[in-house]
Amino acid sequence: MAASIIRGIRYDSVGALIGAAVLLGILNAFVRPILLILSVPLILFTLGLFILVINALMLYWVSGLVPGFRVDGFGSAFWGAILIGIISWMLSAFFRGSDGRVHVLTHHTQIRQVRGRVVSSKEGERR
């Protein structure tokens, strides 16, 4: 979606786009938390706006690692990261349960164990 809206983000093939998405997900899962911890003073000083810079850097780094996926400059990466964040936030609303956690939707019914006592019909008649 970001490649179709932001002019500075381009891809040559769907494979490059999928590769960029997978790598961005991996970097967001493993590298981004380390960067967030290391940049806590800047995040606090900028009231959280530096997180947008970190997200833009992640997208910019992916363009350097995935052939066929290009981000022209930091400005394109910045606006692309904002757009990706907004889309991700909107999509996560469809998969969040009432408890606030993300649940995977499957066709299987979930069986829960219930703690309690089973009362047979004979015990019910005696009372």
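Residues numbered from 1 in each chain as written. Predicted model: local features only at pLDDT ≥ 70, side-chain atom pairs only at ≥ 80, totals over all residues. Heavy atoms only, no water.

Caption draft 1: Structural detail: the layout of surface pockets. For the largest pocket, the calculated volume is near 440 Å³. Lining the largest pocket we find 18 residues, and of these Met1, Ala2, Ala21, Leu24 and Ile84 sit closest to its centre. Taken together, the elements giving at least two residues each to the lining of the largest pocket come down to helix 1 (2–5), strand 1 (9–11), helix 2 (14–38), helix 4 (50–65) and helix 5 (74–95). Residue composition of the lining of the largest pocket, grouped by class: 15 nonpolar, three polar and no charged. Here the second largest pocket defines a volume of roughly 170 Å³. Breaking the lining of the second largest pocket down by element, the ones donating at least two residues are helix 2, helix 4 and helix 5. It is helix 5 that contributes the most residues to the lining of the second largest pocket, four residues altogether. (1 Å grid on protein atoms, 1.4 Å probe; cavity = no way out; pocket = protein on both sides within 12 Å on 5 of 7 lines; lining within 4 Å. Points joined across faces, edges and corners; volume = space filled by probe spheres on them. Helix = DSSP H or I, 4+ residues; strand = E, 2+ residues; numbered from the N terminus. Nonpolar A, V, L, I, M, F, W, Y, C, P; charged D, E, K, R; others polar.)

Caption draft 2: A look at the nonpolar core. Among the nonpolar cores identified, the biggest contains 18 residues, and Ile9, Leu59, Val62, Phe69 and Val71 are the most heavily contacted of them. A per-element tally of this core places helix 4 first, with five residues. Not counting chain neighbours up to four residues away, the residues in contact with phenylalanine 69 comprise Ile9, Arg10, Tyr11, Ala16, Leu17, Ala20, Leu59, Val62 and Ser63. (Core = buried A, V, L, I, M, F, W, Y, C linked by side-chain atoms within 4.5 Å. Buried < 20%, exposed > 50% of the residue type's maximum accessible area, 1.4 Å probe, protein only. Contact = heavy atoms within 4.5 Å.)

Caption draft 3: Spotlight on the environment of isoleucine 43. For isoleucine 43, the location among the structural elements is in helix 3 (residues 40–45). Residue class for isoleucine 43 comes out buried when judged on its relative accessible area of 13%. Placed eleven residues apart in sequence, isoleucine 43 and isoleucine 54 show a C-alpha to C-alpha distance of 9.8 Å. Apart from residues lying up to four places away in sequence, isoleucine 43 is in contact with Leu36, Gly48, Phe50, Ile51 and Ile54.

Caption draft 4: The arrangement of the environment of leucine 52 in detail. Its place among the elements puts leucine 52 in helix 4. The class for leucine 52 is partly exposed, based on a relative accessible area of 29%. When the C-alpha positions of leucine 52 and phenylalanine 78 are compared, they lie 7.0 Å apart, and in sequence the two are 26 residues distant. Discounting chain neighbours no more than four positions away, the residues touching leucine 52 are Phe78 and Ile82.

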